[in-house]
Amino acid sequence: MKEYAIDKRNKVRQIREKARYDRETVHAILDAGLVAHVALVQDGEPVVVPMLYGRDGETVYLHGARKARIIRLLEQSGKACINVTLLDGLVFARSTFNSSMNYRSVTIFGRARLVEDMDAKKHALRTIVDSVMPGRRAELRLSSENELKMTGVIAVDIESASAKISDKMPADDPADLDAPVWGGVLPLESRFTTLLADDHVREGIEPSDAVRAMEGKKL
């Protein structure tokens, strides 16, 4: 199926024309982001935690310390809601009511499971590293057995998802168009800038092509 089925969880109810349910759009937003906000309930209270992630097909991998609260909660609950939002600009309308933001946002719902098989855990961690720092993994030493044991990995299999995209100019009320106020969009770009070396780089060591390729990259 090219689109996620619409159900009570993922149905966009406000400004429905901005909704997208196709997998291509959902995956593209997930792949462009770096930080996911993961929501769940602990003892009847809502909890939201920002986490690094990586996507492989219809599975999103999250990682943290094996004993971290969020890893334990996700393991226990068996379900998760994840949101990734990229802000693309401020929309300056001629009224506060119609002023807004341009953005790309995706929310997914799915089954959360602890990844315990060591080969599966290595695959998940490779997915996360390749998503956040493409090409970097080939330069680094392998993780030690102790490091792998100390790392908790949660796999969230996407069951339901929706995206919401706003990329328009202001939608002013006709009565406001003659107001002596500027209207338009102030674009916002999230991008990497220039590499900064730490104090331990040995003489003659330069960033690899893979790392250099990330300079100036726009999310």
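Notes on the structure follow. (Residues numbered from 1 in each chain as written. Predicted model: local features only at pLDDT ≥ 70, side-chain atom pairs only at ≥ 80, totals over all residues. Heavy atoms only, no water.)

### Notes on the overall build of the protein
Here comes step 1: Each helix and strand counted, the protein has five helices and eight strands in total.
Here comes step 2: When its helices and strands are written in sequence order, the protein yields β-α-β-β-β-α-β-β-α-α-β-β-α.
Here comes step 3: For the protein, with 219 residues in total, the buried portion stands at 35%.
Here comes step 4: Surface summary for the protein: the accessible area is close to 13900 Å², and the carbon and sulfur share equals 54%.
Here comes step 5: Of the side-chain charges in the protein, 33 are positive and 33 negative, and the distance between the mean point of each set is 5 Å. (Helix = DSSP H or I, 4+ residues; strand = E, 2+ residues; numbered from the N terminus. Buried < 20%, exposed > 50% of the residue type's maximum accessible area, 1.4 Å probe, protein only. Areas by Shrake-Rupley, 256 points an atom, 1.4 Å probe, with all protein chains shown as cover. Lys, Arg positive; Asp, Glu negative; His and termini not counted. Charge placed at Lys NZ, Arg CZ, Asp CG, Glu CD.)

### Section: helix α1 (residues 23–32)
Here comes step 1: Every buried residue belonging to α1 is among Thr25, Val26, His27, Ile29, Leu30 and Ala32, and all of these are buried.
Here comes step 2: Against the buried residues of α1 lie β1 (19–20), β3 (45–56), β4 (59–65), β5 (79–92), β6 (100–114) and β7 (151–166). (Contact = heavy atoms within 4.5 Å.)

### Some words on helix α3 (residues 118–132)
Side chains that are three or four residues apart share a direction in an α-helix, a result of its 3.6 residues per turn.
Here comes step 1: The end-to-end C-alpha distance of α3, which contains 15 residues, comes to 21 Å, matching closely the 21 Å that a straight helix rising 1.5 Å per residue would cover.
Here comes step 2: Of all the positions in α3, only Lys121, Ala124, Leu125, Thr127, Ile128 and Val132 are classed as buried. Buried residues of α3 fall within an arc of 150° about the axis and therefore sit on the same side.
Here comes step 3: Contacts made by the buried residues of α3 are with β3, β4, α4 (145–150) and β7.
Here comes step 4: Measuring from the side-chain oxygen of the N-cap residue of α3 to the backbone nitrogen of aspartate 119 gives 3.2 Å; that N-cap residue is aspartate 117. (Expected span 1.5 Å × (residues − 1). Arc of directions from axis to C-beta. Polar contact = N/O pair within 3.5 Å; in protein donor to acceptor, adjacent residues only side chain to side chain.)

### Some words on a nonpolar patch on the surface
Here comes step 1: Where nonpolar side chains cluster on the molecular surface, the patch consists of Leu90, Phe92, Met101, Trp182 and Leu186 and spans about 510 Å² of accessible area.
Here comes step 2: Residue position: leucine 186 is located in strand β8 (residues 184–187).
Here comes step 3: Look at leucine 186 and you get partly exposed, because its relative accessible area is 47%. (Patch = residues over 30% accessible without salt bridge, like charges linked within 9 Å, V, L, I, M, F, W, Y side chains within 5 Å. Salt bridge = Lys/Arg side-chain N within 4 Å of Asp/Glu carboxyl O.)

### Details of the nonpolar core
Here comes step 1: Counting 30 residues, the largest nonpolar core has Leu30, Leu62, Leu74 and Ile108 as the members making the most contacts within it.
Here comes step 2: Those elements giving two or more residues to this core turn out to be α1, β2 (35–42), β3, β4, α2 (69–77), β5, β6 and β7.
Here comes step 3: Non-local contacts of leucine 62, meaning those with residues more than four positions away in its chain, are made with Val38, Met51, Leu52, Tyr53, Leu74, Ile82, Ile128, Gly152, Val153, Ile154 and Val156.
Here comes step 4: Core analysis: the next-biggest nonpolar cluster, separate from the first, contains nine residues, Tyr61, Val115, Ile128 and Ala155 among them. (Core = buried A, V, L, I, M, F, W, Y, C linked by side-chain atoms within 4.5 Å.)

### Some words on the packing of aromatic side chains
Here comes step 1: As enumerated under the stated definition, the model contains one aromatic pair in all.
Here comes step 2: Lying over the aromatic face of tyrosine 4, arginine 23 brings its terminal NZ or CZ to 4.2 Å of the ring centre. (Phe/Tyr/Trp six-rings, centres within 6.5 Å; stacked < 30°, edge-to-face > 60°. Lys NZ or Arg CZ within 6 Å of the ring centre and 35° of its normal.)

### Considering the pairing of β3
Here comes step 1: Two strands pair when backbone bridges link them, and β2 and β3 are joined in this way by eight bridges, in the antiparallel orientation. Looking at the pairing, valine 35 lines up with leucine 52 of β3.
Here comes step 2: Here β2 hands over to β3 after two residues, with aspartate 43 in that stretch at a positive phi of 50°.
Here comes step 3: Sheet analysis places β3 next to β4, joined by four bridges and oriented antiparallel. Bridge pairing in β4 links aspartate 56 to threonine 59.
Here comes step 4: Once β3 ends, the chain turns through two residues before running back antiparallel as β4, passing glycine 57 with a positive phi of about 65°. (Pairing = 2+ DSSP bridges.)

### Topic: the pattern of salt bridges
Here comes step 1: As enumerated under the stated definition, the model contains 19 salt bridges in all.
Here comes step 2: Between aspartate 157 and arginine 111 there is a salt bridge, with the nearest N and O atoms lying 3.4 Å from each other. Of this pair, aspartate 157 sits in strand β7 while arginine 111 sits in strand β6, and the two are 46 residues apart along the sequence.
Here comes step 3: Since its relative accessible area comes to 11%, aspartate 157 is described here as buried.
Here comes step 4: For glutamate 189, the salt bridge identified is with lysine 218, shortest N-O distance 3.8 Å.

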